[in-house]
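# Fold and contact review
In case you want the letters, here they are:
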Amino acid sequence: MKINALVAHDAAQPLSSGQIALRPLQQQDVKIEILYCGVCHSDLHMARNEWAVSRYPLVPGHEIVGRVVETGADVTNFKAGDVVGVGVMVDSCRECHFCQQQEEQYCEAGFVATYNGIDKYTGDSTWGGYAQNVVVDQHFVVSVPQTLPLAGVAPLLCAGVTVWSPLRHFNVKAGDKVGVVGLGGLGHMAVKLASAMGAEVTLFTTSPGKGEDALRLGATRVVVSRDAGQMAAAQTSLDIIVDCVSAPHDLDPYLATLKTNGRLVLVGIPEQPHQSPNVTPMVNRRLSISGSSIGSIQETQEMLDFCGKHNITADIEVIAGQEIETAFARMLKGDVKYRFVIDMQATRW
């Protein structure tokens, strides 16, 4: 089945409107009409082949919200008309320890990415959400609360669950002191979610001008990380920090703000490694540095249900598909609060 999509044909060319062929509907498949798709920074990396793994032609997009239009014969979880979401992965081996424990994001064989992955039925590349439709196995589809504005839900499928996963895995609860480094697409969701969990949230930023917005989003304290006095005042005050910055930076000042037994969790992936942290305070106060990758399907559904209950969506700017290159350019300058979302109904093919 041929559909319209925004296609990257090579690393040097802008995305352009074209047609792609979806795989035939399998018995467990759901065909979704895409209503909205968030624009993740990784979409730009992949379109430009900045990670040297892109296969062309390529259709980006893994923050998908849409409506079910057709189901395979064995689909039991969804029916035509349901509003659903698809995130970063569309398949996994289903058999390894992690898949059996509902942690498909750590599949030992590697999960199948929503785009630029290998479709196990066809052997071709998977196609992402900058398109009219997507076909996905029902196991990797989640239900979307219809009480929420759907455009604002789209970034929850990646940015939201990426910060939700460590908050839940490390058992953040009401009264905990949580730090968030960086107020971008990931960071603003970390502030919102941790605050809704009842935590006291400290936002670390290099930009003093972001303080007012951080408080609006739910932070109780804003620390300008370039201000030595503010950083000193925050020492040994936090239980856990979620570091959302994707550029190399010194981790030691943030480790100093953790209490004994505190944990610094990295969810941003820098192009160059962070410098090695000072081991001595880590040993003396039993501090930990860990990482966390997206979230499982179970965590994604749990996060969406939580957001429905607490009326949480991403702060977004809606664009049409033909504006994607302008959005990419603005994203590189940090000129978005805090996520672009493509409206497929407004896109000219």
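On a predicted model such as this, the values are computed, not experimentally measured, just so you know. (Residues numbered from 1 in each chain as written. Predicted model: local features only at pLDDT ≥ 70, side-chain atom pairs only at ≥ 80, totals over all residues. Heavy atoms only, no water.)

What the rule picks out here adds up to three aromatic pairs. Aromatic side chains Phe98 and Tyr106 sit 6.3 Å apart centroid to centroid with 65 degrees between the ring planes, which places their arrangement in the edge-to-face category. Residue classification places Phe98 among the partly exposed positions, given a relative accessible area of 27%. Ring geometry for Trp164 against Phe306: centres 4.9 Å apart, planes inclined by 50 degrees, an arrangement best described as tilted. Linking Trp164 in helix H4 (residues 159-169) with Phe306 in helix H10 (residues 297-310), this pair joins segments that are 142 residues apart in sequence. The residues Trp164 and Phe306 share a single accessibility class, namely buried. (Phe/Tyr/Trp six-rings, centres within 6.5 Å; stacked < 30°, edge-to-face > 60°. Buried < 20%, exposed > 50% of the residue type's maximum accessible area, 1.4 Å probe, protein only. Helix = DSSP H or I, 4+ residues; strand = E, 2+ residues; numbered from the N terminus.)

This brings us to the nonpolar core. Counting 97 residues, the largest nonpolar core has Tyr130, Val163, Leu193, Ile324 and Phe328 as the members making the most contacts within it. Contact partners of Ile324, with chain neighbours within four places excluded, come to Leu6, Leu15, Val39, Tyr130, Ile319 and Ile342. Counting residues in hydrophobic clusters, the runner-up holds 15 residues, among them Met231, Leu255, Leu258 and Met282. (Core = buried A, V, L, I, M, F, W, Y, C linked by side-chain atoms within 4.5 Å. Contact = heavy atoms within 4.5 Å.)

On to unusual backbone geometry, then. For the peptide bond that leads from Tyr56 to Pro57, omega is -5 degrees, which places it in the cis range. Residue Tyr338 follows Lys337 across a cis peptide bond; omega there is -10 degrees. We note that Arg94 has phi near 70 degrees; this positive angle belongs to a residue other than glycine. Turning to its location among the elements, Arg94 is positioned in the loop between strand E6 (89-91) and helix H2 (97-100). Among the residues examined, Arg94 registers a relative accessible area of 29% and is labelled partly exposed. Of note, Ile294 is a non-glycine position whose phi angle comes to about 30 degrees, a positive value.

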